[in-house]
Amino acid sequence: MPQHVHHPLHAGLPQPAQRHPAQHGSPHHLPALPPPPRRIVFLAHRDLGNPAAGGSELLVDRLAEGLTGLGHQVTLLCGGPAAYRDYRVVSAGGEFGHYLRARTAFTRQVGETDLLVEVCNGMPYLANLWHRGPTLCLVNHVHTDLWKMRFGGALAPAARIGRRLEHWALAGAARHRNLLVAVSPSTAHALRAIGVERDRIRVVHNGVEEPGPLARRSPEPLFVAVGRLVEYKRIDLLLRLWERVRPVTGGRLVIVGDGPERARLEQLAGPGVEFAGHVSEAEKHRLLCEAWLLLHPSAVEGWGLVVTEAATRQTPTIAFDVPGLRDSVMDGETGVLARGESSFAASWCTLALSSHRRELMGKAARDRAARYRWHRTVRQFRAVASEAVRGWGS
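Position labels on residues start from 1 in each chain and follow its written sequence. Given that the model is predicted, a residue must reach a pLDDT of at least 70 before its local features are reported, and side-chain atom pairs must reach 80 or more before they are shown or counted; all residues, however, enter totals for whole chains, interfaces and linings. Processing note: side-chain calculations cover all non-hydrogen atoms of the structure and skip hydrogens and water entirely.

Chemist: Help me understand the packing of helix H2 (residues 55–69) against helix H15 (residues 374–391), please; the structure alone is not making it clear to me.
Modeler: What describes two packed helices is the angle between their axes and the distance between those same axes. H15 packs onto H2 with a crossing angle of 75° between their chain directions and a minimal axis gap of 9 Å. It follows that H2 is roughly perpendicular to H15 by the angle criterion. The segment H2 lies against H15, with Leu58, Leu59, Arg62, Leu63, Gly66 and Leu67 engaging Trp374, Thr377, Val378, Phe381 and Arg382. Across the contact of H2 with H15, the residue classes tally to seven nonpolar, two polar and two charged. Axes, fitted as lines to C-alpha atoms, cover a helix only where it is in contact. Angles between the N-to-C directions of the axes lie from 0 to 180 degrees. The helix and strand labels rest on DSSP assignments: H or I over at least four residues marks a helix, E over at least two residues marks a strand, and numbering proceeds from the N terminus. Should an angle fall under 35 degrees it is taken as roughly parallel, and over 145 as roughly antiparallel, whereas 65 to 115 is taken as roughly perpendicular and any remaining angle as oblique. Note on contacts: a residue pair is in contact if any heavy atoms of the two residues lie within 4.5 Å. Three residue categories are used. Nonpolar comprises Ala, Val, Leu, Ile, Met, Phe, Trp, Tyr, Cys and Pro, charged comprises Asp, Glu, Lys and Arg, and polar comprises the others, including Gly.

Chemist: When you look at the sheet that holds strand E9 (residues 252–256) in this model, what are you seeing that I'm missing?
Modeler: In any sheet, the strands associate via hydrogen bonds between backbone groups, in a parallel or an antiparallel arrangement. For two strands to be treated as a pair, DSSP must find no fewer than two bridges joining them. Taken in spatial order, the six strands of this open sheet run E10-E9-E8-E11-E12-E13, and their pairing is parallel. Strands with a single pairing partner mark the edges of an open sheet, and in this sheet they are strand E10 (273–277) and strand E13 (335–338). When strand polarity is set aside, the average angle formed by the axes of neighbouring strands in this sheet is 25°. Of the strand pairs in this sheet, strand E12 (residues 317–320) and E13 are connected by four bridges, and their pairing is parallel. When the sheet's bridge partners are listed, Phe320 is paired in E13 with Ala338. Most of the contacts of helix H10 (residues 281–290) go to strand E8 (residues 222–226), to which it runs at about 140°, and overall it touches E8, E9 and strand E11 (293–296).

Chemist: I keep staring at the nonpolar core and nothing clicks. Help me out?
Modeler: Across soluble globular proteins, you tend to see nonpolar side chains buried next to one another. Nonpolar cores are built from buried Ala, Val, Leu, Ile, Met, Phe, Trp, Tyr and Cys residues. Side-chain atoms within 4.5 Å join them into one set. Accessible area is worked out with a 1.4 Å probe on protein chains only. A residue is then buried under 20% of its type maximum, exposed over 50%, and partly exposed in between. Membership of the largest hydrophobic core comes to 47 residues, with the highest contact counts inside it found for Phe223, Leu238, Leu253, Ile255, Leu295, Phe344 and Trp348. With seven residues, helix H8 (residues 235–249) is the largest single contributor of residues to this core. Setting aside its immediate chain neighbours within four residues, Phe344 contacts Leu238, Leu241, Leu295, His296, Pro297, Ile318, Ala319, Phe320 and Ala338. Formed by 35 residues, the second largest nonpolar core is a distinct cluster that contains Leu67, Val181, Phe381 and Ala388.

Chemist: Would you take a moment to explain the packing of helix H13 (residues 341–352) against helix H14 (residues 355–369) for this structure?
Modeler: Here H13 crosses H14 at 100°, and the two axes come no closer than 7 Å. The angle between H13 and H14 falls in the class roughly perpendicular. The segment H13 lies against H14, with Thr350, Leu351 and Ala352 engaging Arg357, Arg358 and Met361. Of the residues that constitute the contact of H13 with H14, the class distribution is three nonpolar, one polar and two charged.

Chemist: Would you mind going over the sheet that holds strand E5 (residues 135–139) with me for this structure?
Modeler: What the seven strands build is an open sheet, ordered E3-E2-E1-E4-E5-E6-E7; its pairing is parallel. Both edges of this open sheet fall to strand E3 (88–91) and strand E7 (201–203), since each of them pairs with a single strand only. Here the average twist between neighbouring strands, direction ignored, is 25°. The pairing of strand E2 (residues 73–78) with E3 spans four bridges and is classified as parallel. Each residue of the ladder has a partner; that of Cys78, found in E3, is Ser91. Here helix H7 (residues 185–193) sits on the sheet and contacts E5, strand E6 (179–182) and E7; the angle it forms with E7, its principal contact strand, is near 170°.

So, in structure tokens, the structure goes:
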């Protein structure tokens, strides 16, 4: 673990104007603020080294890494394997068993902390029931309709229980007067829809890395989809649409990512489809540079981090007009938001056949992506963390 260096949480943030002692009394009589959270614990499903890691794990890693660099003592308590990082990572057990062991692992291996950040990603840890201290809930997206997609048929009762438990936990966080961090306006809207008060929600967007050199765009039509191969990403829908698009555009469709749906999807794939599996960050960005379009048919996202990553490579996105993606894609400017399957296929063909329009959208996407960098995300989150500690118990 790196040596701890004192660094006030408020450093670098706008400070309230100083009051003149002659008019308002001596500064020594001003009420003292509680100390900033120097010991921060993230409670999450996975760490970034997990083979199933995705955007949520990347966000937590960038926050933990950034806060560590600012002098905070950060611990990630998670399920599954725990890899060594610049911050401490502690495994609480297996993929599902760690939900039951989280409280014990926190007590035995973490101990005192100034702030507990529960990453609410479907199944809750119910930290509000056992942690007596400032708690912040980090929400990528509310899984309302995803429960039915993940647990259908005979497992429908499990979907209903999971949905109710998630909603109860998220609304319960607000009842305890804790703050919730949403990664997009769509997620904030979903939280309000289940009863979370507006004044308990703060929006902190995902960032992206500073882009490196651009690779050459593919001379032949190349379309890329990136994401974990699970039901709600709807790659099966993309494969069906490809059969309508390919006779018009030609070229290749490359699917980047892995997951439990891969074998079924490979059986559905027609000509021109390639499954790249899990690739390195360098290879992913090379493909995003070469791609004519990023295709993102997901049913819902918290934000859609790969959309911003593609944007840094001047690659526009076609997605559905769904929560999260309607925040990361500016319809008609940095990409297209389709309202249905036919609209998606038509936009795919139209943009593939218009290099000038793709180029304009790509430049607009790059300019917008410049507003999102990880150092800004860390500072925004740090400000909310400070507010969570100040407001605890109020």
